[in-house]
Amino acid sequence: MYITNDIKYIGVNDHEVDLFEGQYVVPNGMSYNSYAIMDEKIAIMDTVDAHFTHEWLDNLQAVLGGRQPDYLVIQHMEMDHAANIANFMKVYPNTTVVSSAKAFNMMTGFFGTAFEENRLVVGEGDTLCLGKHTLAFVTAPMVHWPEVIVTYDVYDKVLFAADGFGKFGALDVQEPWDDEARRYFIGIVGKYGAQVQALLKKAATLDIQKICPLHGPVLTENLGHYLSLYNTWSSYAVETDGIVVAYTSVYGNTKKAVELFAEKLKSTGCPNVVVYDLARCDMAQAISDAFRYGKLVLATTTYNADIFPFMHTFIHGLTERNFQNRTIGIIENGSWAPMAAKVMKEMFAKSKNLKFSDTTVRIMSALNEQSAQQLETLASELCQDYIAYSDEMANKSDLSALNHIGYGLYVVTSSDGKRDNGLVVNTVSQLTDTPNRVAVTINKANYSHHVIKQTGKMNVNVLSVDAPFELFQTFGFQSGRNVDKFDGQNLLRSDNGLAILPRHINSFMSLKVEQYVDLDTHGMFICSVTEARVMSGEETMTYAYYHSHVKPQPDTEGKKGYVCKVCGWVYEGEELPSDIVCPLCKHGAADFEPIG
């Protein structure tokens, strides 16, 4: 297979494996990817699993056409990729092995040698010239082993991503990428979200046209989709609205309660309800979906003053992968001394940013009138925001939305008739309540000011404290004149036709401009409220909260230069260029200050 004119695929498919890494069901097998870069000098990118030594060497020999390889680049030392290093060196003893210092230390353990006579140690920023092609090396520690490097081919703009962007499944089987890549990522890499985020920031500085992972297909089109999913997964953000209900049941009573509860969720407006019987399902798939959806309900029995073993395994699988940023509901069953709710909450004690529902359903052996009502209450509580987003079910005159206005942060959405726009503001205030009047002040330099003055309408989305920094990057660090800030999103709209943010808001108001006040550099829009909905009881994000808890603290330790006051990007240099533009937030020199 040709990846480019000079890069050839020499990997193998494995349809013999039933459990990858001894635990993940892979009905469609696995691929172990390896690549050859053919130039004045030849570089082989990684090896394959030990069960396919001769097939891989045959593939390699066919590509070489009688030539000898100059380099063997090892990005990752797990045996599904590195098992054939010693076998390769027996066939091609004059080849130089290229890898990180930690990888060579591991080779001694695996092969009894670190190939001292034939090795080249590389690290962050090192390069290797093959002729036309130059390989640039990027360290990726704990993605998901400490020795990992990834490699960027400057000439063909190809990223060799090690285990990044991989998936379960052999290459000769056609299947959707997202589901099996998600299950692979959450299961294998999920614990190391912070490290993946660091790697994504490095990747953002590269012009990547193709991604060559060590498992799964080469990615050649719509790379933004894959990068976006990796950003979502590694930041533990919600990918899909909906609720996962995971349960165990001994004699069927908890199962009956879950079946009834699932129907209540669907009828109450939940867009997706996914139910897992933890004793019978693919545990890795259940864990993957718990990370995919925004809310999780756990239903289990008290068992030996603890919880049922399959539920214990499930929760442990979540917590060891840094499960966070989710809402959890609990249904417990106990014939005489229910303990399940207490035990489950204690298991999540070290998890970050989890919110437990106000309602806990308690079943004493079997459902009765009281516990059935608790199911109803829990369903209503968990579906409050889904109802508010639904055109059919929402209360569109819930003026308690105005109670969320404070010295907070908001995204004002508008449309120029061609595309939707959004802008972060912190100047929204209620003027009167009879009639309801709201003032929004916007800098004249912003494109939104121009659009709203023409159209006379806007939506104010009130941000809640769970809004991530990426939201502020999207709506605050770039202009809607130049960028489609909603690109690729399935938009929700209010009755005035404008966009509503699909998450990270506790309410929104649709406003009609009644009066405009010129404030020199800014314009104040005095508006009437035409629609108002409340999504949740989450606290409104204040400006102070943003600076204390959301905005990244700049990494200035040991550095000399200037730091952007808006986003924290650091420019290292003696003098700040007068025409500098921050690559993250696009602000100019006026928003930089000296370090220290």
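Thresholds, definitions, all that
Residues numbered from 1 in each chain as written. Predicted model: local features only at pLDDT ≥ 70, side-chain atom pairs only at ≥ 80, totals over all residues. Heavy atoms only, no water. Phe/Tyr/Trp six-rings, centres within 6.5 Å; stacked < 30°, edge-to-face > 60°. Lys NZ or Arg CZ within 6 Å of the ring centre and 35° of its normal. Axes fitted to C-alpha atoms, helices over the stretch in contact; angles between N-to-C directions. Helix = DSSP H or I, 4+ residues; strand = E, 2+ residues; numbered from the N terminus. Parallel < 35°, antiparallel > 145°, perpendicular 65-115°, else oblique. Left-handed = near helix turned anticlockwise from the far one by under 90°. Contact = heavy atoms within 4.5 Å. Buried < 20%, exposed > 50% of the residue type's maximum accessible area, 1.4 Å probe, protein only. Pairing = 2+ DSSP bridges. Patch = residues over 30% accessible without salt bridge, like charges linked within 9 Å, V, L, I, M, F, W, Y side chains within 5 Å. Areas by Shrake-Rupley, 256 points an atom, 1.4 Å probe, with all protein chains shown as cover. Salt bridge = Lys/Arg side-chain N within 4 Å of Asp/Glu carboxyl O. 1 Å grid on protein atoms, 1.4 Å probe; cavity = no way out; pocket = protein on both sides within 12 Å on 5 of 7 lines; lining within 4 Å. Points joined across faces, edges and corners; volume = space filled by probe spheres on them. Nonpolar A, V, L, I, M, F, W, Y, C, P; charged D, E, K, R; others polar. Core = buried A, V, L, I, M, F, W, Y, C linked by side-chain atoms within 4.5 Å.

Before going further, it helps to examine the packing of aromatic side chains. Taken as a whole and judged by the stated rule, the model has 28 aromatic pairs. Pairwise contacts between aromatic rings join Phe 165, Trp 177, Phe 185, Tyr 226, Tyr 230 and Trp 233 into one cluster. Between the NZ or CZ atom of Lys 295 and the centre of the ring of Tyr 386, over which it lies, the distance is 4.3 Å. A cation over an aromatic ring shows up here: Lys 345 above the ring of Phe 356, its NZ or CZ 5.5 Å from the ring centre.

Turning our eyes to something else, we now look at the packing of helix α9 (residues 283-292) against helix α10 (residues 309-319). Between α9 and α10, whose axes approach to 10 Å, the crossing angle comes to 50 degrees. The orientation of α9 with respect to α10, classified from their angle, is oblique. Handedness of the crossing formed by α9 with α10: right-handed. Along the contact surface, α9 presents Met 283, Ala 286, Ile 287, Ala 290 and Phe 291, while α10 presents Phe 310, Thr 313, Phe 314, Gly 317 and Leu 318.

Burial runs high along strand β30 (residues 522-534): ten of the 13 residues are buried. Examined bridge by bridge, strand β25 (residues 436-443) and β30 share seven bridges and lie antiparallel to one another. Counted as the bridge partner of Thr 441 is Met 524 from β30. Across twelve bridges, strand β29 (residues 505-519) lies against β30 in antiparallel orientation. Looking across to β30, one finds that Asp 518 is bridged to Gly 523. Once β29 ends, the chain turns through two residues before running back antiparallel as β30, passing Asp 520 with a positive phi of about 70 degrees.

Let's shift gears to the environment of Gly 568. By the element assignment, Gly 568 lies in the loop between β31 (561-564) and β32 (570-572). Given the relative accessible area of 12%, Gly 568 is considered buried. It is 44 Å that separates the C-alpha atoms of Gly 568 and Ala 340, two residues lying 228 residues apart in sequence. Excluding residues within four positions of it along the chain, Gly 568 makes contact with Pro 554 and Val 563.

Next up on the list: a nonpolar patch on the surface. Together, Val 250, Tyr 251 and Tyr 303 give the surface a local cluster of nonpolar side chains, amounting to about 370 Å² of exposed area. Here Val 250 lies in the loop between β16 (240-247) and α8 (253-267). Residue classification places Val 250 among the partly exposed residues on the basis of a relative accessible area of 38%.

It is worth spelling out the side chain of Ser 414 at this point. Note on placement: Ser 414 falls in strand β22 (residues 410-415). Overall, Ser 414 belongs to the buried group, its relative accessible area being 1%. Beyond its immediate stretch of four places on either side in the chain, Ser 414 contacts Arg 419, Asp 420, Asn 421, Ser 448, Val 451, Ile 452, Lys 457 and Leu 498.

Here we come to the layout of surface pockets. Here the second largest pocket is characterised by a volume of approximately 900 Å³. Elements represented by at least two residues in the lining of the second largest pocket include exactly β23 (420-425), β25, α14 (447-455), α15 (469-476) and α16 (543-550). When grouped by side-chain class, the residues that make up the lining of the second largest pocket number 14 nonpolar, 15 polar and six charged.

Now for the nonpolar core. By size, the foremost hydrophobic cluster in this structure holds 93 residues, and its most contacted members are Leu 298 and Phe 314. With seven residues, the single largest contributor to this core is helix α5 (residues 177-189). Other than its neighbours up to four places away in sequence, Leu 298 contacts Ala 246, Met 311, Phe 314, Ile 315, Ile 328, Gly 329, Ile 330, Ile 331, Met 344 and Phe 348. Listed in part, the 27 residues of the second largest apolar core include Ala 388, Val 411, Phe 469 and Tyr 546.

What follows covers empty space enclosed by the protein. One pass over the structure, following the stated rule, counts three cavities of 30 Å³ or more. Looking at the largest cavity, its volume works out to about 90 Å³. Lining the largest cavity we find Val 143, Val 150, Leu 159, Ala 161, Gly 164, Phe 165, Val 196, Leu 199, Leu 200, Ala 203 and Tyr 230. Class assignment for the residues of the lining of the largest cavity results in ten nonpolar, one polar and no charged.

Spatial strand order, β1-β6-β7-β8-β9-β10: six strands in an open sheet with mixed pairing. At either margin of the open sheet sits one strand with a lone partner, and together these are β1 (7-9) and β10 (119-121). Each strand of the sheet is rotated relative to its neighbour by a mean of 20 degrees, with strand direction disregarded. Helix α4 (residues 101-111) rests against β9 (96-99) and β10 of the sheet, and its axis sits at about 120 degrees to β9.

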